[in-house]
Amino acid sequence: MTMPANRAPGGQNKLAADLIRYGNLLVSRGLVTGTGGNISARVPGQDAFLITPSGIPYLEIQADDMVQVSLSGRKLAGKRKPSIEQHLHRLIYRARSDVKAVVHTHAVFSAAIAATRQDLPPILDTIVAAFGGGIKTADYASIGTLELAQNAVAALGTRDAVLLANHGAVCTGADLAQAFDRAELLEASAKTYIFSHLIGRPVVLAPEIVEKEAQDLAQRYGQDNK
């Protein structure tokens, strides 16, 4: 039975608390300003996700401000309007069953590259380790539109980050912690890329090196899940 839309999401206390925590971190780490950006997490066992509300500063958001939205786009629970970018999150979840969390930022250096509509090439081995290669910039579309969401999904592909032309960045993960970590790493990588142009021209790792290192790191990096 679907909860009425005028009620706060029930049974999602932990998820809502995590969204509040990482929303506050977005502000403290300088990845957003004001009410910019948005974050969400897939609701376990349901074709739905919990997302931050539209137009409320992160430091003021309470658990019952979160909004539950179905993957078909229907508001399931919550007293607030969902983020204007709900389509962006929804279409990513629909396209990628492996994605459990989405973090959308307006981080300065990532946005600077997106403003030029360039891709972020694999100039660092850490980019390869975290994302499997370079990060694409999606074609431009207006904020909050279905077209923006469709463009983002197309450019994201099987990677875990995408830049939005003249807008910002999106990172995905198996949970909010991973999506947030990738957002921070993407911003740090974008900063390095921009700064490297001040002292010369960054050397992009060759495709064969990217493929080899991506496969190698997938086997050697992190802890065994045994």
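Model, not experiment: these values are computed from the prediction.

## Thoughts on helix 6 (residues 176-199)
With 24 residues, helix 6 should reach 34 Å at 1.5 Å per residue; the first-to-last C-alpha distance of 35 Å fits that figure. Listed in full, the buried residues belonging to helix 6 are Leu176, Ala179, Phe180, Arg182, Ala183, Leu186, Glu187, Ser189, Ala190, Tyr193 and Ser196. Capping the start of helix 6 is the job of one residue whose side-chain oxygen sits 3.3 Å from the backbone nitrogen of alanine 177: aspartate 175.

## Regarding empty space enclosed by the protein
All told, the structure shown has one cavity of 30 Å³ or more when counted by the stated rule. If you add up the space inside the largest cavity, you get close to 30 Å³. Every residue lining the largest cavity is listed: Ala138, Asp139, Tyr140, Ala141, Leu148, Leu164, Ala165 and His167. For the lining of the largest cavity, the residue count by class is six nonpolar, one polar and one charged.

## Side note on unusual backbone geometry
One non-glycine residue, arginine 117, lies in the positive phi region at around 60 degrees. Within the fold, arginine 117 resides in the loop between helix 3 (108-116) and helix 4 (125-131). We classify arginine 117 as exposed; its relative accessible area is 51%.

## Some points on the pattern of salt bridges
One pass over the structure, following the stated rule, counts seven salt bridges. Among the salt bridges present, the one from glutamate 184 reaches arginine 29, with a minimum N-O distance of 2.8 Å. Of the two residues, glutamate 184 is situated in helix 6 and arginine 29 in the loop between helix 1 (13-28) and strand 1 (38-42); the sequence distance between them amounts to 155 residues. We classify arginine 29 as partly exposed; its relative accessible area is 44%. Shared partners join several salt bridges into a network, and the residues in it are Arg96, Asp98, Asp160 and Arg182.

## Overview of the packing of aromatic side chains
Within this structure, the stated rule accounts for three aromatic pairs. Arranged with centres 5.5 Å apart and planes meeting at 50 degrees, the rings of tyrosine 22 and phenylalanine 180 form a pair that is tilted. Separated by 158 residues along the polypeptide, tyrosine 22 in helix 1 and phenylalanine 180 in helix 6 bring together distant segments of the chain. Between phenylalanine 49 and tyrosine 93, the ring centres sit 5.3 Å apart and the planes meet at 35 degrees, which makes this aromatic pair tilted. Taken together, the residues span a long stretch of sequence, with phenylalanine 49 in strand 2 (residues 48-51) and tyrosine 93 in helix 2 (residues 86-95) at a distance of 44 residues.

Rules used throughout
Residues numbered from 1 in each chain as written. Predicted model: local features only at pLDDT ≥ 70, side-chain atom pairs only at ≥ 80, totals over all residues. Heavy atoms only, no water. Helix = DSSP H or I, 4+ residues; strand = E, 2+ residues; numbered from the N terminus. Expected span 1.5 Å × (residues − 1). Buried < 20%, exposed > 50% of the residue type's maximum accessible area, 1.4 Å probe, protein only. Polar contact = N/O pair within 3.5 Å; in protein donor to acceptor, adjacent residues only side chain to side chain. 1 Å grid on protein atoms, 1.4 Å probe; cavity = no way out; pocket = protein on both sides within 12 Å on 5 of 7 lines; lining within 4 Å. Points joined across faces, edges and corners; volume = space filled by probe spheres on them. Nonpolar A, V, L, I, M, F, W, Y, C, P; charged D, E, K, R; others polar. Salt bridge = Lys/Arg side-chain N within 4 Å of Asp/Glu carboxyl O. Phe/Tyr/Trp six-rings, centres within 6.5 Å; stacked < 30°, edge-to-face > 60°.

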